[in-house]
Amino acid sequence: MVSDSKNEAKKWDPDSMIWNAKSLQRVAEELERKKSDFPQLDSFLFMGIALASPILLSLATEIALKAWQFRERKGKPERTHRLLRLFEGLKSRTQERLETRMRKLSPHSVWAVDPRMQNIHEDLQDIFQAKMHPLRDVLCSHRDAHTHWRFIYEDPSGVFETAEINRALIVIIDAYDNRKEDVF
């Protein structure tokens, strides 16, 4: 007899999860492109797009990270919406692989690999935007975006930068799509 956890694990398909994350990302990108067409024409649509994009991108990022976790664990991913926690649940070599890809894609990461930046105070690293862990920083700053944006009416002062989370999502999906089968 197969245990309940084994039966439940069969329901998970990480490749389909990545496909779903890509689909949500595509919708968010389309909405962002259309947002500039509507500010004067339809304020409800403009505001709806502004609210939908963060939710879609954070959900897509969550799904992509859970696909990675399932792949590594060969079982259910962690049950949380917190992006940083999902990232920290990955193997350390996967975390570094993703960070390396993010440093290549992130426009401010070139300073991070400069030896002069390695031993300076964290505040100065922020000023120079020389972060060694740009992906971790993005996931940290958006760690509870899924919950926050679902309940935006409780704190309408929220600001969400879609470009950086979209860049992080690109890194996570691209690394998943280009992974070597022998890594797992």
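Here the structure is a predicted model, which means the values were calculated and not measured.

Peer 1: A description of the pattern of salt bridges should follow, citing residues and the corresponding values.
Peer 2: If you walk through the whole model with that rule in mind, you get 11 salt bridges. The salt bridge involving arginine 179 is made with aspartate 15; its shortest N-O contact spans 3.6 Å. Of this pair, arginine 179 sits in the segment after helix H9 (162-177) while aspartate 15 sits in helix H2 (residues 14-35); the two residues are 164 residues apart in sequence, bridging distant segments of the chain. A relative accessible area of 13% means that arginine 179 is categorised as buried.

Peer 1: Outline the packing of helix H3 (residues 43-73) against H9, listing residues and values.
Peer 2: H9 packs onto H3 with a crossing angle of 25° between their chain directions and a minimal axis gap of 10 Å. If you check the angle between H3 and H9, you find them roughly parallel. Seen from above, H3 lies across H9 with left-handed handedness. For the pair formed by H3 and H9, the contact residues are Ser53, Leu57, Ala60, Thr61, Ala64, Leu65, Ala67, Trp68 and Arg71 on the first element and Thr162, Ile165, Asn166, Leu169, Ile172, Ile173, Ala175 and Tyr176 on the second.

Peer 1: Explain the packing of aromatic side chains to me, and be specific about the residues and the numbers.
Peer 2: The relative placement of two aromatic rings is captured by the distance of their centres and the angle of their planes. If you walk through the whole model with that rule in mind, you get 2 aromatic pairs. When the ring of tryptophan 12 is compared with that of phenylalanine 70, the centres are 6.5 Å apart and the planes differ by 20°; the resulting orientation is stacked. With tryptophan 12 in the loop between helix H1 (4-10) and H2 and phenylalanine 70 in helix H3, the pair connects residues that are 58 residues apart, well separated along the chain. Between the aromatic rings of tryptophan 68 and tyrosine 176, the centroid separation amounts to 5.8 Å while the plane-to-plane angle is 85°, which identifies the pairing as edge-to-face. On the criterion of sequence distance, the pair formed by tryptophan 68 in helix H3 and tyrosine 176 in helix H9 is long-range, its members being 108 residues apart. One Lys or Arg, arginine 179, reaches over the ring of tyrosine 176 and ends 4.0 Å from the middle of that ring.

Peer 1: Outline the confidence of the model for the protein chain, listing residues and values.
Peer 2: Looking at the protein chain as a whole, its pLDDT mean stands at 80, while 73% of the residues score no less than 70. Within the protein chain, H1 has the poorest average pLDDT of any element, 57, and helix H4 (residues 83-88) the best, 95.

Peer 1: Explain the side chain of threonine 94 residue by residue, including any values.
Peer 2: Tracing the sequence through the fold places threonine 94 in helix H5 (residues 92-105). Judged by its relative accessible area of 1%, threonine 94 falls in the buried class. A distance of 2.2 Å separates a polar atom in the side chain of threonine 94 from a polar atom in the side chain of glutamate 72. Setting aside chain neighbours within four positions, we find threonine 94 in contact with Trp68 and Glu72.

What counts, and at which threshold
Residues numbered from 1 in each chain as written. Predicted model: local features only at pLDDT ≥ 70, side-chain atom pairs only at ≥ 80, totals over all residues. Heavy atoms only, no water. Salt bridge = Lys/Arg side-chain N within 4 Å of Asp/Glu carboxyl O. Helix = DSSP H or I, 4+ residues; strand = E, 2+ residues; numbered from the N terminus. Buried < 20%, exposed > 50% of the residue type's maximum accessible area, 1.4 Å probe, protein only. Axes fitted to C-alpha atoms, helices over the stretch in contact; angles between N-to-C directions. Parallel < 35°, antiparallel > 145°, perpendicular 65-115°, else oblique. Left-handed = near helix turned anticlockwise from the far one by under 90°. Contact = heavy atoms within 4.5 Å. Phe/Tyr/Trp six-rings, centres within 6.5 Å; stacked < 30°, edge-to-face > 60°. Lys NZ or Arg CZ within 6 Å of the ring centre and 35° of its normal. pLDDT = per-residue confidence, 0-100. Polar contact = N/O pair within 3.5 Å; in protein donor to acceptor, adjacent residues only side chain to side chain.

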